[in-house]
Amino acid sequence: MSAVANPATVAECLRVGAGFSQGDRNWIAEQFATLDARLAGFHADATELEVSVKDREAKGQKVTLECWIAGRQKIVTTSAEEDLHAALNDVRDDLRRRLNDAKTKQEPRHNKHLRDVSQPAAEAETQTDPDTDPARAEAETV
């Protein structure tokens, strides 16, 4: 995997939506800091996160975390946990799982084509040269 020049971080990409104030942003960014390692593989200017809450601190509150990464489908995670801290952790963990799943779906597990193409070319070079093929060199000396 090639290194990203400007890796995405939660602190740089996070926006707070409905139900949160800008004062909550730093606290939420701290809660989501463990996502930094997973987001580092994406460019910061092509990555956005938005967290919002509906009916904050009321029965039936719903926390939503949306993630947009250029070239990929939008990922939306939600939690109906009554405790705001638990709900934030729930959407964070769900996003991490879904990013990992998306990565494994996009990257091939085995690239047989590359493996098959590189080996025969190397073998063909060694077998056509009698100086490097011991069976052929032995046959010529007998």
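Residues numbered from 1 in each chain as written. Predicted model: local features only at pLDDT ≥ 70, side-chain atom pairs only at ≥ 80, totals over all residues. Heavy atoms only, no water.

Asks: Can you explain the nonpolar core? Please cite residues and give values.
Replies: By size, the foremost hydrophobic cluster in this structure holds 27 residues, and its most contacted members are Phe32 and Val51. Breaking this core down by element, the ones donating at least two residues are α1 (10–13), β1 (14–16), α2 (22–31), β2 (47–54), β3 (62–69) and α4 (84–106). A total of six residues in this core trace back to one element, the largest contributor, which is α4. Setting aside residues up to four positions removed in sequence, Phe32 forms contacts with Val10, Leu14, Val51, Leu65, Leu88, Val91 and Arg92. (Core = buried A, V, L, I, M, F, W, Y, C linked by side-chain atoms within 4.5 Å. Buried < 20%, exposed > 50% of the residue type's maximum accessible area, 1.4 Å probe, protein only. Helix = DSSP H or I, 4+ residues; strand = E, 2+ residues; numbered from the N terminus. Contact = heavy atoms within 4.5 Å.)

Asks: Describe in detail the state of the cysteines, supporting the description with residues and values.
Replies: Summed over the entire model, instances satisfying the criterion amount to zero disulfides. Free of any disulfide, Cys67 has its nearest cysteine sulfur in Cys13, 8.4 Å distant. Judged by its relative accessible area of 1%, Cys67 falls in the buried class. (Disulfide = S-S within 2.5 Å.)

Asks: Can you tell me about the pairing of β2, naming the residues and giving the values?
Replies: The buried count for β2 comes to six of eight residues, which makes it a mostly enclosed element. Where β1 and β2 come together, three bridges link them in parallel fashion. Across the sheet, residue Val16 finds its bridge partner in β2, namely Val51. Across eight bridges, the pairing between β2 and β3 is antiparallel. Its bridge partner lying in β3, Ser52 is registered against Thr64. (Pairing = 2+ DSSP bridges.)

Asks: Give a detailed account of the pairing of β3, specifying residues and quantitative values.
Replies: Counting buried residues in β3 gives six out of eight residues, a clear majority hidden from the surface. Alignment of β3 against strand β4 (residues 75–79), held across five bridges, turns out to be antiparallel. Across the sheet, residue Val63 finds its bridge partner in β4, namely Ser79. A loop of five residues connects β3 with β4, the two strands running antiparallel in sequence, and Gly71 in this loop sits at a positive phi of about 85 degrees.

Asks: Give me the lowdown on the side chain of Ser52, citing residues and values where you can.
Replies: Checked against the element boundaries, Ser52 lands in strand β2. What Ser52 contacts, discounting residues up to four positions off in sequence, is Gly17, Ala18, Phe20, Lys62, Val63 and Thr64.

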